[in-house]
Amino acid sequence: GPPTAPGTATSTAIMARRTEKILVFRTAASHPDTVLYGGDEGTIGMIDIGASPLRAIVVGEIDQSVMTFASFQGKDYVVGQGGRVSRLHLEGENFRLEPVTELHGNDFVSADITKDGYLVAVSVQGGFGNHEMTIHRWRLGSRNQPSVVPARENSSDISCATVSRSASLIVTGSCDGILQFWDSASGRQVGKPRVGHRGEVKLVRLSPNESVAASGGSDSTVRQWLVDVGTMHTGQLRPVLRGHADAIRMIAFSEDGQQLASASEDGTIRVWDARGALFERVRFDNSIGELENIPISGLKEQQTAEPVISADQSTRVS
């Protein structure tokens, strides 16, 4: 294309065949230079960013929306929002899906793989103001059925959740701005519910060392909460990160936990330091409102020549 001004990013659309909403991206553990993507119609595909030109390949489909991708010991897994867990086999030009287990529950909001190889998922059911949360736990590769632990107290109207890498702590966010902390082994609530956001908590993430929980809300703010997974202690709110003009849709920590990136429906990505100072802001011409989650590792202040994958409401992946 034509030359661009210094610091200007360019992109090329490489997949625009499907009309479904792209829900999740993740770099593959088992295949170099590969980005996995999943959609609300159950499509699972890969983008080979090592090829020239770049190419997108549909790997397969499951009969439910894709909730998350996860990896452990070089193996890739996909979890559907109905609880179906499948392993992805990416071998050269051959790609296939192998169903491995079913998490029997309703309305899954989160699934994470812990550092010791357990898949921990959270499902909710019930009417407004009287939700019952269930914790599902399954050892990857095991022939045993997933274990189920019901929450010991009623939860708020849960909208999102995340699990610590040690699997000991679960953090949930609700439609009424409340964060709750749970012991995943007993299903009991840890500490008191924390109120911070005005409106729905869109997502919550734990820092790599699990000392901070960051939540993004429909009130356009990112809020940070001090936690101690080892002692199961939850602490006070750190400085509120303000600057976005619309709901938060994505949060990601850098590997060292010193930087935090947030993406909003206002079409911007902001990068913050641990004290809340803004490093940089990137503006996108197209809305990223259709984008749910892009795990990020190794955030950098300076621009690099590394590939970046994005999605917008035109249904294109670029």
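Rules and cut-offs
Residues numbered from 1 in each chain as written. Predicted model: local features only at pLDDT ≥ 70, side-chain atom pairs only at ≥ 80, totals over all residues. Heavy atoms only, no water. Helix = DSSP H or I, 4+ residues; strand = E, 2+ residues; numbered from the N terminus. Buried < 20%, exposed > 50% of the residue type's maximum accessible area, 1.4 Å probe, protein only. Contact = heavy atoms within 4.5 Å. Pairing = 2+ DSSP bridges. Axes fitted to C-alpha atoms, helices over the stretch in contact; angles between N-to-C directions. pLDDT = per-residue confidence, 0-100. Salt bridge = Lys/Arg side-chain N within 4 Å of Asp/Glu carboxyl O.

1. Brief notes about the overall build of the protein chain
- Across its full length, the protein chain carries 0 helices and 24 strands.
- Relative to its full complement of 318 residues, the protein chain shows a buried share of 50%.
- Considering only contacts within the protein chain whose residues lie at least 6 apart along the sequence, 41% involve residues at least 24 apart.

2. Some thoughts on the sheet that holds strand β12 (residues 147-150)
- On the basis of which strands lie adjacent, the open sheet formed by 4 strands has the order β9-β10-β11-β12 and antiparallel pairing. The open sheet is flanked by β9 (108-113) and β12, the only strands paired with a single partner. Direction aside, the axes of adjacent strands within the sheet are offset by 20° on average.

3. Considering the confidence of the model for the protein chain
- Mean pLDDT over the protein chain stands at 79; residues scoring 70 or higher make up 76%.
- Note on residues 285-292: pLDDT under 50 across the span, and 23 contacts to partners over four residues away in sequence or across chains.
- Considering only residues more than four positions removed or in separate chains, one finds that residues 296-306, a stretch of pLDDT under 50, has 18 contacts.

4. Regarding the sheet that holds strand β2 (residues 34-39)
- As summarised here, the arrangement of the 4 strands in space is β1-β2-β3-β4, forming an open sheet in which the pairing is antiparallel. Each edge of the open sheet is held by one strand with a lone partner, namely β1 (22-27) and β4 (55-61). Each strand of the sheet is rotated relative to its neighbour by a mean of 25°, with strand direction disregarded.
- Pairing between β1 and β2: 5 bridges, direction antiparallel. Bridge pairing in β2 links V24 to G38.

5. With respect to the pairing of strand β10 (residues 118-125)
- Most of β10 is tucked away: 6 of the 8 residues are buried.
- Relative to β10, β9 is paired through 5 bridges, and the arrangement is antiparallel. Of the residues in β10, the one forming a bridge with I113 is L119.
- Connecting β9 to the next strand, β10, in antiparallel fashion are 4 residues, including G117 with a positive phi near 90°.
- As paired strands, β10 and strand β11 (residues 132-139) are joined by 8 bridges and run antiparallel to one another. In the strand pairing of β11, L119 is matched with W138.

6. As for the pattern of salt bridges
- In total, this model carries 6 salt bridges according to the counting rule given.
- A salt bridge links E102 to R84; the nearest nitrogen and oxygen atoms lie 2.6 Å apart. Of the two residues, E102 is situated in strand β8 (residues 94-102) and R84 in strand β7 (residues 84-91); the sequence distance between them amounts to 18 residues.
- Take R84: its relative accessible area is 26%, and that puts it in the partly exposed class.
- Residues joined in a network through salt bridges with shared partners are D63, R84 and E102.

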